[in-house]
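An overview of the molecular structure
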Amino acid sequence: MEAADDGTVEEMSNAQAISVRFGIMAVVVLVAALSFQVLGSVESIVGAVCSMSSSMLLPGFFYLRIHREELGRRHQYAVMLFLGIGCMLAVTIVHNNITALIHEHGSQPTPHPPSTLSQYALAPLFRTRKFLQV
């Protein structure tokens, strides 16, 4: 959808919509293929940040923000303590995941697994005699 000068929104054509979807899918596949070695570690870091913020930090923060006037001092301090513990847990989990990622992949080069995308894509090219002749 594109916005015209008069503020109306124009629909994309089918070809434009398909090309946008194909482009997004190509970028996602390319990122997954290039980061195959570290994808699990990256997902664990993203999971640690998102799960802690969506399950602990944001609900507690919004509860405190909405009901601040109704809560007594002890209740407010208890919610703030809960939020502080959640922040410390989030930092600890992310630190552990980043440390594991560095120790797994950063200190020594890891060999590529035998079934990478590049080997599948280039295998027919290597089997031809024309490629072997220099």
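Description of the structure in this document. This one's a predicted model, so the numbers in the text were calculated from it and none came from an experiment.

Structural notes on the overall build of the protein chain
Counting secondary structure elements, the protein chain contains 5 helices and 2 strands. From first element to last, N terminus to C terminus, the protein chain shows the α and β order β-β-α-α-α-α-α. A burial count over the protein chain gives 15% of its 134 residues as buried. A fraction of 52% describes how many contacts in the protein chain between residues 6 or more apart in sequence connect residues 24 or more apart. Counting only carbon and sulfur atoms, one obtains 67% of the accessible surface of the protein chain, whose full area is about 11,000 Å².

Quick look at a nonpolar patch on the surface
Together, Met12, Val20, Ile24, Met25, Val28 and Val29 line one region of the surface with nonpolar side chains, adding up to about 540 Å² of accessible area. Tracing the chain through its elements places Val28 in helix 1 (residues 14-34). Residue Val28 is classed as partly exposed on the basis of its relative accessible area of 47%.

Section: the nonpolar core
Leu57, Leu64, Leu71, Val79 and Leu83 form the largest nonpolar core, which has 5 residues in total. Listing elements by their share of this core, those giving two or more residues are helix 2 (39-66) and helix 3 (73-106). Leave out the neighbours within four places in its chain, and Leu57 touches Met52, Leu83, Gly86 and Cys87.

Here's the deal with the environment of Leu89
Mapped onto the elements of the fold, Leu89 is located in helix 3. Along the primary structure Leu89 and Ala48 are separated by 41 residues, whereas in three dimensions their C-alpha atoms are 9.3 Å apart. Among residues more than four places away in sequence, those in contact with Leu89 are Met52 and Met56.

Some remarks on the environment of Ile85
Residue placement: Ile85 occurs in helix 3. For Ile85, a relative accessible area of 38% gives the class partly exposed.

Things to note about the side chain of Asn97
Here Asn97 shows up in helix 3. For Asn97, a relative accessible area of 19% translates into the label buried. Among residues more than four places away in sequence, those in contact with Asn97 are Ser44, Ile45 and Ala48.

Observations regarding helix 2
The terminal C-alpha atoms of helix 2, which comprises 28 residues, lie 38 Å apart, in line with the 40 Å expected from a rise of 1.5 Å per residue. Approximately 45° is the largest bend angle found in helix 2, and it occurs at Ser53.

Focus: the environment of Gly60
With respect to the secondary-structure elements, Gly60 resides in helix 2. Using a relative accessible area of 9% as the deciding quantity, one classes Gly60 as buried. Sequence spacing of Gly60 and Val79 is 19 residues, and the spatial spacing of their C-alpha atoms is 6.5 Å. Beyond its immediate stretch of four places on either side in the chain, Gly60 contacts Val79 and Leu83.

Parameters and conventions
Numbering of residues starts from 1 in each chain and follows the order in which that chain's sequence is written. Selection of residues for local features in this predicted model requires a pLDDT of at least 70, selection of side-chain atom pairs for listing and counting requires 80 or more, and totals for whole chains, interfaces and linings are taken over all residues. To obtain the side-chain values, all non-hydrogen atoms of the structure were included, while hydrogens and water were left out. Each helix is a run of DSSP H or I of at least 4 residues and each strand a run of E of at least 2, with the numbering of both proceeding from the N terminus. The cut-offs for exposure are 20% and 50% of the maximum accessible area for each residue type, with area from a 1.4 Å probe on protein chains only; residues under the lower value are buried, those over the upper are exposed, and the others partly exposed. In this description, contact between two residues means that some pair of their heavy atoms is separated by no more than 4.5 Å. Shrake-Rupley sampling with a 1.4 Å probe provides the accessible areas, and residues are treated as covered by the protein chains on show and by no other component. Candidate patch residues must exceed 30% relative accessible area and have no salt bridge, after which like charges are joined if within 9 Å and Val, Leu, Ile, Met, Phe, Trp or Tyr side chains if within 5 Å. In the sections that follow, a salt bridge refers to a side-chain nitrogen of Lys or Arg positioned within 4 Å of a carboxyl oxygen of Asp or Glu. Put simply, buried Ala, Val, Leu, Ile, Met, Phe, Trp, Tyr and Cys residues joined by side-chain atoms within 4.5 Å make one nonpolar core. A helix is expected to span 1.5 Å multiplied by its residue count minus one. The quantity called bend is, for any residue, the angle between two axes fitted respectively to the seven residues ending at it and the seven beginning at it.

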